[in-house]
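These are the residues of each chain, in order.
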Amino acid sequence: MNALFLRLDGVSDLLAKISMAMVVMLVASILYEVVSRYAFGAPTLWSFDISYMLNGALFLLASGYSLKVEAHVRIDFLSSRLSLRHQQLINLFFYFFLIGPSFFFLSYVAGEKAISAWITAEVESVSPWSPLVWPFYGAIAIGLMAFTLQVYIDGIRYLQGDKTPGKSVTKDDMNHD
Amino acid sequence: MIELIPLWMFIILFVFVFLGIPVALSLIVTSVVFGFFTFGDMLFNQLYGAILHTASNFTLSSIPLFILMGAILEKTGLALRLFQALQLWFGRLPGGLALSTIVMCAIFAAASGVVGAVEIVVGMMALPAMAKYKYNKGLMAGTVCAGGSLGTIIPPSIVVVVYASMAQLSIGQLFAASLIPGVMMVAFFMIYMVVACYFKKDLGPAVILEQQVALSEKLLITAKAILPPLLLISSVLGSLLLGIASPTEAAAVGAAGAALIALVFRELSWPSFIGALKTTIQITAMIMMIVVGGTMFTSIFAVSGGGWMIVDAINSLDIGVYQLTFILMAVIFLAGFVLDWISIVLIFVPIFTPLIKTAGIDPIWFAVMFMVVIQTSYLTPPMAPSIFYLKSIAPSDMTYRHMYQGVMPFVILQLLVLLSVVMFPMAATYLPSLITN
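Since this is a predicted model, take the numbers as computed values, not measurements.

**Focus: the packing of aromatic side chains**
Counted according to the given criterion, the structure contains 32 aromatic pairs over all chains. On the basis of an interplanar angle of 70° and a centroid distance of 6.0 Å, the ring pair of Phe48 of chain A and Tyr52 of chain A is categorised as edge-to-face. Residue Phe48 of chain A and its partner Tyr52 of chain A are located together in helix H3 (residues 47-61), separated by four residues, close to a single helical turn. Take Tyr52 of chain A: its relative accessible area is 5%, and that puts it in the buried class. Arranged with centres 4.5 Å apart and planes meeting at 50°, the rings of Phe103 of chain A and Phe147 of chain A form a pair that is tilted. With Phe103 of chain A in helix H5 (residues 84-119) and Phe147 of chain A in helix H6 (residues 134-160), this pair connects stretches of sequence that are 44 residues apart. An identical accessibility class is assigned to Phe103 of chain A and Phe147 of chain A; each is buried. An aromatic cluster is defined as three or more aromatic residues linked by ring pairs; in this entry it consists of Phe10, Tyr163, Phe297, Phe301, Phe348, Phe352, Phe366 and Phe370 of chain B. In this structure, Lys201 of chain B is placed above the aromatic ring of Tyr198 of chain B, and the distance from its NZ or CZ to the ring centre is 4.4 Å.

**A look at the packing of helix H14 (residues 270-303) of chain B against helix H17 (residues 341-359) of chain B**
Helix packing geometry: the angle between the two helix axes and the distance between the axes. All names here are of chain B. Between H14 and H17, the shortest axis-to-axis distance is 9 Å and the interhelical angle comes to 30°. Here H14 is positioned roughly parallel relative to H17, judged by the angle of their axes. Handedness of the crossing formed by H14 with H17: right-handed. Facing H14, whose interface residues are Met286, Ile287, Ile290, Val291, Gly294, Phe297, Thr298 and Phe301, H17 presents Ile342, Ser343, Leu346, Ile347, Pro350 and Ile351. Here the residues of the contact of H14 with H17 sort into 11 nonpolar, three polar and no charged.

**Side note on the interface of chain B and chain A**
Accessible area lost when the parts come together is the quantity often used to give the size of an interface. With 63 residues of chain B at the interface, the matching set in chain A holds 58 residues. The contact between chain B and chain A buries some 5,300 Å² in all, and 78% of this surface belongs to carbon and sulfur atoms. Considering only the side of chain B, the residues that lose the most area to chain A are Tyr48, Ile281 and Gln282 of chain B, jointly responsible for 13% of the buried surface there. A salt bridge links Arg37 of chain A to Glu249 of chain B, with the shortest nitrogen-to-oxygen separation between them at 2.2 Å. Linking chain B with chain A are five residue pairs in polar contact (both at pLDDT 80 or more). Of the residues contributing to the side of chain B that touches chain A, the split by class is 49 nonpolar, 11 polar and three charged.

**A short note on the confidence of the model for chain A**
In the predicted model, chain A carries a mean pLDDT of 89, and 94% of its residues have values of at least 70. Every residue in residues 172-177 of chain A scores below 50 in pLDDT, and together they form 25 contacts with partners more than four places removed in sequence or on other chains.

**Digging into helix H9 (residues 158-167) of chain B**
Residues and elements named next belong to chain B. Burial of H9 is extensive: nine of the 10 residues sit out of reach of the surface. Every buried residue of H9 is listed here: Ile158, Val159, Val160, Val161, Val162, Tyr163, Ala164, Ser165 and Ala167. Gln168 lies just past H9 and shows a positive phi near 55°.

**With respect to the nonpolar core**
In terms of nonpolar packing, the biggest core is built from 221 residues, with Leu150, Phe366, Phe370 and Leu390 of chain B touching the most fellow members. When residues of this core are assigned to their parent elements, the largest contribution, 16 residues, is made by H14 of chain B.

**Quick look at the environment of Val338 of chain B**
Mapped onto the secondary structure, Val338 of chain B falls in helix H16 (residues 321-338). Considering only alpha carbons, one finds Val338 of chain B and Ala250 of chain B, 88 residues apart in sequence, at a separation of 33 Å. Apart from the residues within four sequence positions on either side, Val338 of chain B is in contact with Ile75 and Phe77 of chain A together with Phe14, Phe18 and Met383 of chain B.

**Some details on the packing of helix H2 (residues 10-38) of chain A against helix H4 (residues 62-75) of chain B**
Look at H2 of chain A against H4 of chain B: their axes get within 10 Å of each other, and the N-to-C directions meet at 105°. With respect to their mutual orientation, H2 of chain A and H4 of chain B come out roughly perpendicular. Contacts from Val23, Leu26, Val27 and Ile30 of chain A of H2 of chain A reach H4 of chain B at Pro64, Leu65 and Leu68 of chain B. When grouped by side-chain class, the residues that make up the contact of H2 of chain A with H4 of chain B number seven nonpolar, no polar and no charged.

**A look at the confidence of the model for chain B**
All names here are of chain B. Averaged over all residues, the pLDDT of chain B equals 86, while 96% of them reach at least 70. Least confident of the elements in chain B is helix H19 (residues 385-393), whose mean pLDDT is 79; most confident is helix H3 (residues 43-55), at 93. Listed scores for the predicted complex are pTM 0.87 and ipTM 0.92.

**As for the side chain of Ser19 of chain A**
Here Ser19 of chain A is to be found in helix H2. Those residues in contact with Ser19 of chain A, other than ones at most four positions away along the chain, are Leu58, Leu61 and Ala62 of chain A together with Ile281 of chain B.

The rules behind the values
- Residues numbered from 1 in each chain as written.
- Chains lettered and ligands numbered in written order.
- Predicted model: local features only at pLDDT ≥ 70, side-chain atom pairs only at ≥ 80, totals over all residues.
- Heavy atoms only, no water.
- Phe/Tyr/Trp six-rings, centres within 6.5 Å; stacked < 30°, edge-to-face > 60°.
- Helix = DSSP H or I, 4+ residues; strand = E, 2+ residues; numbered from the N terminus.
- Buried < 20%, exposed > 50% of the residue type's maximum accessible area, 1.4 Å probe, protein only.
- Lys NZ or Arg CZ within 6 Å of the ring centre and 35° of its normal.
- Axes fitted to C-alpha atoms, helices over the stretch in contact; angles between N-to-C directions.
- Parallel < 35°, antiparallel > 145°, perpendicular 65-115°, else oblique.
- Left-handed = near helix turned anticlockwise from the far one by under 90°.
- Contact = heavy atoms within 4.5 Å.
- Nonpolar A, V, L, I, M, F, W, Y, C, P; charged D, E, K, R; others polar.
- Buried area = accessible area lost by both parts, 1.4 Å probe.
- Salt bridge = Lys/Arg side-chain N within 4 Å of Asp/Glu carboxyl O.
- Polar contact = N/O pair within 3.5 Å; in protein donor to acceptor, adjacent residues only side chain to side chain.
- pLDDT = per-residue confidence, 0-100.
- Core = buried A, V, L, I, M, F, W, Y, C linked by side-chain atoms within 4.5 Å.

Given below as C-alpha cells:
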C-alpha cells in the first residue's frame, strides 16, 4: 500500500510540468502586451490580470514538486549535527502533525472559495477586463492540495527512513537559492 | 502571557528553523499556532487571505522572469564562455583570475538576482581555474563568497523586487538607488585584489599563457562572449530605469532575449531549456512560499500587538535618527547570520517601515543600507550562508580556516561601502531623484 501511495508524487511531477508551461505562457503574454502597446499603440485589456494569475498559479502548482526535490531553504547547520534518525523523526513530526494539518485546512478553505466562485460566476472586481476568477482560485486550491499530499508522502518517507532532510530522493536534485 | 505573544512568535520561529524545518514552512506553522489565539476558527480564512494576496501581487510576477533569464544564461554555455573571455583580458594582471571571477559575478548577479545561485555557478568555474594557478586558498574562498554576495545589491536584484513590494516603494527607484553602491562595491573589491596581489605575488600569480592570443582574436571572442549578455542586461536595466518598461515587462524581454542569444549561438538545446524552466519553477516556488509564510507571520505578529510592542520599546529609548538606524541595522545583521534574505526582508521591512517613517528617515536611503547590511551579514563568519554554499563546492583541501580568513578583507570592504552610504546619502538618493524629475 505504501509503495502505491508513494507513487502519488507523480501528481507533483505533473503539476510541475504545467507550471513550467505557465512560465512560457507568462513570457509570451507579456511580450504580446509589449509589442501591441509599443508597436501598435493598442495595450491589451487582459495582460495585467493574466500575468499575476499565471505567477500566482505557477508557484503554488510547483510548490509540491519543490518540496519533493528539496528546493525549500533549510537552515541546517545545527540540525545536521543530530543523527540522521533524529532528523527524520523531527521532520516526520512536523510533516504529519503541524505542516500537513495546516495545509489540509488551507486547501479546504481554498477549495471552498474556488467552488463558490464557480457557482456564483464571480468576476475580478477591480479589473476593467473582469475575468472569471474560478480558474485562478481553482489553481490555487489544486496547488495547495497537491502540496498537502506531497507533505504526507515525504512524511512517510521520513517514517520509513529513506529520506534525508535537504536531499532529494530523485535525481532532479538541485542546489536551492 | 498573551501580551508576550509577539516575542514568543520569534522564539518559536527560531526553534523551528534551527530544527532544520524549511524556513517557509516554519513561518507558516508558527503563524498557525499563534494565530489561533486571535482568530480561533476563522484562522484559516485569514491565512488563506495571505496566500491569495501574495498570489495576486503583480509586482512579484517579475520574479520567475528574472530567474528564467539567469537560468538560461547559466544552463546554456553562455556563462562559461563569458568567464573564459574575461580571463583573456584580466588573466595576466596580478590576481587576474580573481578579477575575472568578480566581474563574472557582477554580470551574473545582474542577470539572476538570486544570491546563492551566483556563488555556486561561478564558483564551480572559478575555483578549479584558480587552483590550477596555485592561488592562495583564502583569496579563492573570499573572492567566490564576496562575488556571490553581489546578487543582493547589483540590480536587477530580486531582493529589491521583494523589498519594494513590501515597503511600497518604486522598484525602478530602488534599482537606481542601489546602482552606485553596487558599482562602488565591485570597484573596491577589484582595487583590493590588484593591490594585494601586486605586493604579495604568491597570493594570486599572473597567468602565463602558453601562446599569445592576437588582439584581433581577443576582440572577436569578446564580441561573441561578453557583449551579448552585457547588452542584454544593460537593455533590461536601462528600459527599467528610464521608465520605458515595468519590471515585469523588462524581465520578460530579458528572458526572451537570453533565449534568443542562446538560440543564435546554437546553444539552446531542448534539455537545457527544460532544465532552465525546472530551475525557474523551483526557485520561484521557494521564494514565493517564503513570501507567503512571511506575509502570514507579519500579519499575525501585527494583530498580536507586535508593532506596538516595538514602537513602545523604541520610544522608551528616546534616541536620535542615527542611533535608531544603527540599532535596526544591528538587528538585520544578526538576523542575517541565520535567516535568508527573503525572510529578513519579509519579517523586518513591515516592522521597520512605520518606525523609519515616524523618525523621518528617507526610506530609499534606508533600503540601500538595509541591503548592504544583509549582504555583509551573508558574508560574515562564523555563521555565514556564503561559506555554507562555498563548502558544498570547495575542493577538499580548503578548510573553514581558509574561508574565514579569506572573507574578512571583503567584509571590511563592504563595511566601507556601508559607511560611505551612511555618510553620503547622495550615493543612494541621487540617481532615484533624477527619475522623479
